Amino acid sequence: IDAEHLAVVVADVSGKGVPAAFFMAISRTLLKSNALFLREPGATIRALNDQLCAENDQMMFVTVFYGVLHLPTGRLVYVNAGHNPPVRLAGSGATLFPRGRNMALAVMEEQEYIEGEALLAPGETVVLYTDGVTEATNADNALFGDDALLAAMAAIGSDPRGVVTARIPDQIVRAVRGFENGAAQADDITVVAMTYRGPRL
């Protein structure tokens, strides 16, 4: 956004195919425009929701986790609009962010979107993902779920060589593939990992 603020976002659109891809492309474009102008996550997502509601003949909706990280301090202000809670990894401990209380986007106009806040210490990692991770199934139709995700993250964090952020998405996807054990992928998977390195000196 500027020299001191970094925006991070993961979203998931309802439906499949070209209409869903088109709706997500519109959402992405509008989000980037709003983020640069409005700055605060609550205001940004509120404006985006109203814009998407105005032209939604397909009756689609979008879940989104949108956060703005203040680089000098590690303060992460975010809005979770119906999306999966991110994982916070500190050392060998992995925990979920609080569950979002906000509605998904493009469902109802003039919604207020409540912000959350987390203060990241240098070395802490935040992992955002879509429900294709936690809702992956095996041959017995069991879900991968939150517990398996946290276990996979904790295993990454306990690596004595330290966390290599760029490898985290691949490691999570490999954990999902191992759980599926040949079963067909149920949904799209997106994973984004971000490690706060502390203020620049």
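See the structure printed just above.
Just so it is clear, the model here is predicted, and its values are computed rather than measured.

What counts as what
Each residue is numbered by its place in its chain's sequence as written, counting from 1. Residue-level local features of this predicted model are given only where pLDDT is at least 70; pairs of side-chain atoms are given and counted only at 80 or more, and the full residue set underlies all totals for whole chains, interfaces and linings. Side-chain figures throughout are based on the complete set of non-hydrogen atoms in the structure, without hydrogens or water. Here the nonpolar core consists of buried residues drawn from Ala, Val, Leu, Ile, Met, Phe, Trp, Tyr and Cys, with membership extended through side-chain atoms lying within 4.5 Å. Summary of the burial criterion: residues with accessible area below 20% of their type's maximum are buried, those above 50% are exposed, and those between are partly exposed, where the area comes from a 1.4 Å probe applied to protein chains only. In this description a helix means any DSSP run of H or I spanning at least four residues, a strand means any run of E spanning at least two, and both kinds are numbered starting from the N terminus. Between two residues, a contact is recorded if the distance between any of their heavy atoms is within 4.5 Å. Think of a polar contact as two N or O atoms within 3.5 Å of one another; within protein, one of them needs to be a possible hydrogen donor and the other a possible acceptor, and neighboring residues in sequence only count if both atoms come from side chains. Stacked, edge-to-face and tilted are the three classes for Phe, Tyr and Trp ring pairs, Trp counted by its six-membered ring, which pair at centre distances within 6.5 Å; planes under 30 degrees apart are stacked, over 60 edge-to-face, the rest tilted.

Novice: Before we move on, can you summarise the nonpolar core with the specific residues and values?
Specialist: Judged by nonpolar contacts, the single largest core of 18 residues is most densely connected at Phe23, Ile45, Tyr66 and Leu105. Within the residue set of this core, elements represented by two or more residues are α1 (17-38), α2 (41-54), β2 (62-70) and β3 (75-81). Those residues in contact with Phe23, other than ones at most four positions away along the chain, are Val13, Leu52, Glu55, Asn56, Met60, Phe61, Val62 and Ala106. One finds Leu89, Tyr129, Ala136 and Leu149 within the second-largest nonpolar core, a separate group that totals 17 residues.

Novice: Lay out the environment of Phe65 in plain terms, naming residues and giving numbers.
Specialist: Tracing the backbone shows Phe65 in strand β2. When sequence neighbours within four positions are dropped, the list of residues in contact with Phe65 reads Val8, Val9, Val10, Tyr78, Val79, Asn80, His83, Pro86, Phe97 and Leu128.

Novice: With reference to specific residues and values, describe the side chain of Asn49.
Specialist: By the element assignment, Asn49 lies in helix α2. Polar side-chain contacts of Asn49 include one of 2.8 Å to the backbone oxygen of Met108. Among residues more than four places away in sequence, those in contact with Asn49 are Ala104, Leu105, Ala106, Val107, Met108, Glu109, Glu110, Gln111 and Tyr113.

Novice: Go over the packing of aromatic side chains, please, and point to the residues and values.
Specialist: Inspection of every chain in the model, using the stated rule, returns 4 aromatic pairs. Look at Phe65 and Tyr78: their rings are 5.1 Å apart centre to centre, the planes differ by 25 degrees, and that puts the pair in the stacked class. With Phe65 in strand β2 and Tyr78 in strand β3, this pair connects stretches of sequence that are 13 residues apart. As far as burial versus exposure is concerned, Phe65 and Tyr78 are alike and both buried.

Novice: So, unusual backbone geometry: which residues are in play, and what are the values?
Specialist: One non-glycine residue, Ala106, adopts positive backbone phi at about 75 degrees. By the secondary structure assignment, Ala106 is in the loop between β5 (93-96) and β6 (116-119). Phi is positive for Glu110, which is not a glycine, with a value near 55 degrees. The residue Glu110 is located in the loop between β5 and β6 in this model. Residue classification places Glu110 among the exposed positions, given a relative accessible area of 70%.

Everything listed here is a matter of coordinates, which is why it stays silent on function.
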